[in-house]
Amino acid sequence: MYGRHFGHHPHRARHSRHGVGGHGGGHGRRGGPRLGRFLEHGDLRFVLLALVEEAPSHGYELIRTLEERTGGAYRPSPGAIYPTLALLEDEGFVAQSQGSGARKLYEITPAGREALEPQRPSVAAIFARMNETGDEVGRHKVRRGMENVKTALRLRASRGLSEAEAEAVAAILDEAAGKIERVGA
């Protein structure tokens, strides 16, 4: 009923291809994470090399992997990923192999491993920032959900509750508490 963005003001949040806020780390004015740019110029090349070293992948898988690592805060566009993969291929750092279906998998080459080696510390730091942001996004989602429940309860209580309605609300909250306790168990 209240959806993901209960209380959301569409004109307040600034959305960009880098996520809400469109700037570097920190917090937005509404208390949530201000999600921003993870990569400096040229970093994407080495991040992609590290990812295809972990597992040969096609472009869409790489986009999804980066989005998952950041909890959805960063989703590079195909217009950034595919030209970078083409550049890496031109440099001899990745090679395409036949994947399932029509999609080509990108695999790291020995030259790619050699180019990646001196960049490993910076790639590790980027992955750490992505993981921290993913964790922060998860915490923000939980806080947002808690606020949605509190607001819904206040609004419903302000209209008055009969005994039966109060019991129904309490049963819903008890059921939700039980489900939350079982998450990940």
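For the structure itself, consult the block above.
So, a few notes on the structure that sits alongside this text.

Rules behind the numbers
Residues numbered from 1 in each chain as written. Predicted model: local features only at pLDDT ≥ 70, side-chain atom pairs only at ≥ 80, totals over all residues. Heavy atoms only, no water. Core = buried A, V, L, I, M, F, W, Y, C linked by side-chain atoms within 4.5 Å. Buried < 20%, exposed > 50% of the residue type's maximum accessible area, 1.4 Å probe, protein only. Helix = DSSP H or I, 4+ residues; strand = E, 2+ residues; numbered from the N terminus. Contact = heavy atoms within 4.5 Å. Salt bridge = Lys/Arg side-chain N within 4 Å of Asp/Glu carboxyl O.

1. As for the nonpolar core
Thought 1: Counting 25 residues, the largest nonpolar core has Leu48, Leu49 and Leu66 as the members making the most contacts within it.
Thought 2: Looking at this core, the elements that each hand over two or more residues are helix H1 (43-54), helix H2 (59-69), helix H3 (78-90), strand E4 (104-108), helix H4 (110-116) and helix H5 (120-158).
Thought 3: By residue number, the principal contributor to this core is H1, which donates 8 residues.
Thought 4: Once residues within four sequence positions are removed from consideration, Leu48 is found in contact with Leu62, Leu66, Ile81, Thr84, Leu85 and Leu88.

2. Observations concerning the pattern of salt bridges
Thought 1: If you walk through the whole model with that rule in mind, you get 9 salt bridges.
Thought 2: Arg45 is the partner of Glu91 in a salt bridge, and the nearest nitrogen-oxygen pair spans 2.9 Å. With Glu91 in the loop between H3 and strand E3 (94-98) and Arg45 in helix H1, this residue pair connects regions lying 46 residues apart in the sequence.
Thought 3: When salt bridges that share partners are traced, they join Glu53, Arg113, Glu117 and Arg120 into one network.

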